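Reading the structure
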Amino acid sequence: MRKRVCSGLLALFTLLTLALPAMAAEEPSTAEVTVNGEAVYYTAEVYDGTAYIPFYGGVQTLRPDAEITWEDGVFTASAEDFTMTASIGDHYIVINDRYLYISDGVKGWDDGTALVPARVLATALGAWIGWSGKVELCSGGVPLAAEGKPYDEETLDLLARVITHESGNQPLKGKMAVGNVILNRVNSSKFPNTVGEVIYSPNQFPGATNATPNAESILAARLVLEGANVVPGAYYFNGVGKSCWASRNKALICTIGGHSFYG
């Protein structure tokens, strides 16, 4: 994975997380939704600047040919060129083996309706999206395809092993942050160009590749390799409260779980 690839990942993640105008976090506001210029039957719930729309309604209006089912808490939408799943509470949706991060998770209404960020759903289905005081969607694009994944299985396995070794007992966001540190280095001119070269640099992650990846570490690796970045600008991490070169020489960016991250 070369720097130009990681630059593309960061651009994709910026697209996925581009915020709408700020709204109050406590109570969501509502916004009209149009598809191909026509108002639809559902509205968006705007939480702290991010517009969420119903998974069922969003897919139905963008891809009327899709079959949408619900079973064991999982919504599945399928058509000839995609299969996509979403589950309330998960921090991602999956389309054609592509994992798209949702920082606040898939939300839900009391009636079981699943809500996902409009931008994430649009990206998954290849739709155009805009904001003009309402969410404007245009269908007709190409869904994300498994063949377009910006990483290979060897890179995924290597990164998941390091994430497990360094943060296997941390929450998902903490696991992602460790993966982000490695990818941030890949994307920096101050570090080697590939995931493998960063990981195998002298005295950086000794023994980490011997770990057996756990399921959530594999998930975290998938999400960050798709472009999700929860610690932009972080190149180092250490246990909270522990002294290291980075804690003495670099700025603290944030603390997630049991790790502090420095840039």
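Residues numbered from 1 in each chain as written. Predicted model: local features only at pLDDT ≥ 70, side-chain atom pairs only at ≥ 80, totals over all residues. Heavy atoms only, no water.

1. What about the overall build of the chain?
When helices and strands are tallied, the chain shows 8 helices and 15 strands. The C-alpha atoms of the chain give a radius of gyration of 19 Å, which matches the 18 Å a tight globule of 263 residues would have. Overall size of the chain, expressed as C-alpha extent along the three principal axes, is 55 × 40 × 35 Å. Expressed as a percentage of its 263 residues, the buried residues of the chain come to 51%. Long-range pairs, those at least 24 residues apart, make up 57% of the contacts in the chain with a sequence separation of at least 6. Carbon together with sulfur atoms contributes 50% to the accessible area of the chain, which is approximately 12200 Å² in total. (Helix = DSSP H or I, 4+ residues; strand = E, 2+ residues; numbered from the N terminus. Rg over C-alpha atoms; globule rule 2.2 N^0.38 Å. Buried < 20%, exposed > 50% of the residue type's maximum accessible area, 1.4 Å probe, protein only. Contact = heavy atoms within 4.5 Å. Areas by Shrake-Rupley, 256 points an atom, 1.4 Å probe, with all protein chains shown as cover.)

2. A look at the nonpolar core
In this structure, F55, V59, F82, M84, I93, L121 and L137 are the most contacted members of the largest nonpolar core, which totals 40 residues. The leading source of residues in this core is helix α3 (residues 118–125), at 6 residues. Core analysis: the second largest hydrophobic core is formed by 38 residues, Y99, L156, V162 and V181 among them. (Core = buried A, V, L, I, M, F, W, Y, C linked by side-chain atoms within 4.5 Å.)

3. Considering the environment of T83
Secondary-structure assignment places T83 in strand β6 (residues 82–87). Residues T83 and G257, 174 residues apart in the sequence, show an inter-C-alpha distance of 34 Å.

4. Description of the packing of helix α5 (residues 172–186) against helix α7 (residues 215–225)
At a closest axis distance of 9 Å, the pairing of α5 and α7 adopts a crossing angle of 50 degrees. The angle between the axes of α5 and α7 places the two elements in the oblique class. Classified by chirality, the crossing of α7 by α5 is right-handed. On α7, the residues that touch L172, K175, M176, G179, N180 and L183 of α5 are E216, S217, L219, A220, L223, V224 and L225. Of the residues belonging to the contact of α5 with α7, the class tally is 8 nonpolar, 3 polar and 2 charged. (Axes fitted to C-alpha atoms, helices over the stretch in contact; angles between N-to-C directions. Parallel < 35°, antiparallel > 145°, perpendicular 65-115°, else oblique. Left-handed = near helix turned anticlockwise from the far one by under 90°. Nonpolar A, V, L, I, M, F, W, Y, C, P; charged D, E, K, R; others polar.)

5. Observations regarding the packing of aromatic side chains
Applying the stated criterion across every chain yields a total of 10 aromatic pairs. Where Y41 meets Y42, the ring centres are 5.3 Å apart and the plane angle is 85 degrees; that geometry is what we call edge-to-face. A relative accessible area of 57% means that Y41 is categorised as exposed. Taking the relative accessible area as the measure of exposure, Y42 reaches 6% and is therefore buried. A connected cluster of aromatic rings, assembled from ring pairs, spans F191, Y235, Y236 and W245. The cationic tip of K107 hangs over the ring face of Y47; the distance from NZ or CZ to the ring centre is 4.6 Å. The ring centre of Y52 lies 5.2 Å from the NZ or CZ of K107, which sits over that ring. (Phe/Tyr/Trp six-rings, centres within 6.5 Å; stacked < 30°, edge-to-face > 60°. Lys NZ or Arg CZ within 6 Å of the ring centre and 35° of its normal.)

6. A short note on the confidence of the model for the chain
Looking at the chain as a whole, the pLDDT averages 91, with 90% of positions reaching at least 70. Per-residue pLDDT stays below 50 along residues 1–25; that stretch engages in 60 contacts with residues further than four places along the chain or on separate chains. (pLDDT = per-residue confidence, 0-100.)

7. Re the side chain of E226
Checked against the element boundaries, E226 lands in the loop between α7 and β13 (236–239). A distance of 2.5 Å separates polar atoms of two side chains, one belonging to E226 and the other to R98. (Polar contact = N/O pair within 3.5 Å; in protein donor to acceptor, adjacent residues only side chain to side chain.)

8. Some words on the state of the cysteines
Taken as a whole, this structure holds 0 disulfides when the rule is applied. Considering cysteine sulfurs only, C254 is the nearest to C244, which forms no disulfide, with 14 Å between them. Residue classification places C244 among the buried positions, given a relative accessible area of 17%. (Disulfide = S-S within 2.5 Å.)

9. Brief notes about the sheet that holds strand β14 (residues 252–256)
Here we have 3 strands laid out as an open sheet, ordered β13-β15-β14, and antiparallel in their pairing. The open sheet has two edge strands, β13 and β14, and neither has a second partner. For this sheet, the mean angle separating the axes of adjacent strands, direction not counted, is 25 degrees. As paired elements, β13 and strand β15 (residues 259–262) share 4 bridges and run antiparallel to each other. Its bridge partner lying in β15, N238 is registered against S260. (Pairing = 2+ DSSP bridges.)

10. Some thoughts on the pairing of strand β3 (residues 50–54)
Of all the 5 residues making up β3, 4 are buried; the element is thus mostly covered by neighbouring parts of the structure. Pairing of strand β2 (residues 38–47) with β3, which is carried by 3 bridges, proceeds in the antiparallel orientation. Of the residues in β3, the one forming a bridge with E45 is Y52. What sits between the antiparallel neighbours β2 and β3 is a turn of 2 residues, in which D48 has the positive phi angle 50 degrees. With 3 bridges connecting them, β3 and strand β10 (residues 114–117) associate as antiparallel partners. Looking at the pairing, P54 lines up with L115 of β10.

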